[in-house]
Amino acid sequence: MTSRTDRAPGPLADFAAELRRVKRECDNPTDGVIAEKMRCSRSAVSAYVNAHRFPDWEATEAFVRACGGRPERLRPLWRRTADALDALQHGGTARQVVGEAMLSAHWYRTNPEFYGAAAERIRSARASVRVTYTRCEPPTHYTTPASAEYFDAILDWAREGSDGRYVQRVIGVPEPAGSPLPEMLDWARRHHDDTCGIKNYQARVLRWGADADGLNMALIDDNVVFLAFSGGAQEKLNGFSVEDPTFMSYFSGYFDQLWGALPRLGSYLARPTAG
């Protein structure tokens, strides 16, 4: 299985390796000890040493001092890494400094690019997959090979083991005139029958009043957010993904709030108006 550090851009992975070397040479303090001395969160320190986030120079300096090292030794490497990451903006990956975080967004121009990347990340997920599907047509209506692979990957991952993993899916069932669209309702029934025996899989229903697709997302573990935008032709879809703990926390909070307010798929289908 490919690790997140392996998937990081080369300069970022190399810089994280240097931070880990600094730790080892300074009696290997824990991330918690370093975080306390830096006056930051433990998750931020973990993100730095695991190549999930590139620290600005002030954070780098504080990290090295917290370990008991000499920050000036890392200044040339930090500058080279910053320049290299900036250069990657021209290769399809955009980075923007927001506060202390450097956000990394990868853009997907087509349906296959988006679904292919999302399916790959789902297969390597460790603990959780939280997804939404809010479109006017069921996924089987205009499935491309890449989107079919994505939807299969979600269920396959849920079936694979009982190691605490779970899938939560919010299904938006369009009700533009107060009643569910027949095609979407039929798919929801079949989907319930197909998944009710998967212990690690749960689906809930958002009654969707607009005659238009919604913004869809996939939250994989606590590290990457995929956002999908559809419109125009039925198979038109593009989007982007971002790996950043703060960015993830906004969407995670929104998803959890939504999840807690929605009925289970089985309960929705049992309603008289869904019959």
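Above this text is the structure in question.
The sections below set out a description of the structure shown in this document. Predicted model only: the values in this text are computed from it and were never measured. (Residues numbered from 1 in each chain as written. Predicted model: local features only at pLDDT ≥ 70, side-chain atom pairs only at ≥ 80, totals over all residues. Heavy atoms only, no water.)

### As for the side chain of Thr144
Item 1. Mapped onto the secondary structure, Thr144 falls in the loop between β3 (128-134) and α8 (145-159).
Item 2. Only 3.0 Å separates the side chain of Thr144 from the side chain of Asn111, close enough to count as a polar contact. (Helix = DSSP H or I, 4+ residues; strand = E, 2+ residues; numbered from the N terminus. Polar contact = N/O pair within 3.5 Å; in protein donor to acceptor, adjacent residues only side chain to side chain.)

### Digging into the pairing of strand β6 (residues 216-220)
Item 1. Most of β6 sits out of view: 5 of its 5 residues are buried.
Item 2. Burial along β6 is two-sided: Asn216, Ala218 and Ile220 facing one way and Met217 and Leu219 facing the other are all buried.
Item 3. Direction of pairing for β3 relative to β6: antiparallel, over a ladder of 3 bridges. Looking across to β6, one finds that Arg130 is bridged to Leu219.
Item 4. With 5 bridges joining them, β6 and strand β7 (residues 224-230) adopt antiparallel strand pairing. By the bridge assignment for β7, Ile220 is matched with Val224.
Item 5. What sits between β6 and β7 in their antiparallel hairpin is a turn of 3 residues, with Asp221 showing a positive phi close to 50 degrees. (Buried < 20%, exposed > 50% of the residue type's maximum accessible area, 1.4 Å probe, protein only. Pairing = 2+ DSSP bridges.)

### Describing the packing of helix α2 (residues 10-25) against helix α5 (residues 57-67)
Two measures define how a pair of helices packs: the angle their axes make with one another and the distance between the axes.
Item 1. Close contact between α2 and α5 brings their axes to 9 Å; oriented N to C, the two are set at 25 degrees. By the angle between their axes, α2 is roughly parallel relative to α5. The residues of α5 that touch α2, namely those facing Phe15, Leu19, Val22 and Lys23, are Thr60, Phe63, Val64 and Cys67.
Item 2. Of the residues in the contact of α2 with α5, the class split is 6 nonpolar, 1 polar and 1 charged. (Axes fitted to C-alpha atoms, helices over the stretch in contact; angles between N-to-C directions. Parallel < 35°, antiparallel > 145°, perpendicular 65-115°, else oblique. Contact = heavy atoms within 4.5 Å. Nonpolar A, V, L, I, M, F, W, Y, C, P; charged D, E, K, R; others polar.)

### Remarks on the pairing of strand β4 (residues 166-174)
Item 1. Most of β4 sits inside the fold, with 8 of its 9 residues counted as buried.
Item 2. Direction of pairing for β3 relative to β4: parallel, over a ladder of 7 bridges. Residue pairing in the sheet places Val131 in a bridge with Arg169 of β4.
Item 3. Alignment of β4 against strand β5 (residues 201-208), held across 8 bridges, turns out to be parallel. Counted as the bridge partner of Val167 is Tyr201 from β5.
Item 4. Between the parallel elements β4 and β5, the chain passes through helix α9 (residues 182-195) in a crossover that is right-handed. (Right-handed = clockwise from strand over helix to strand, strands pointing away.)

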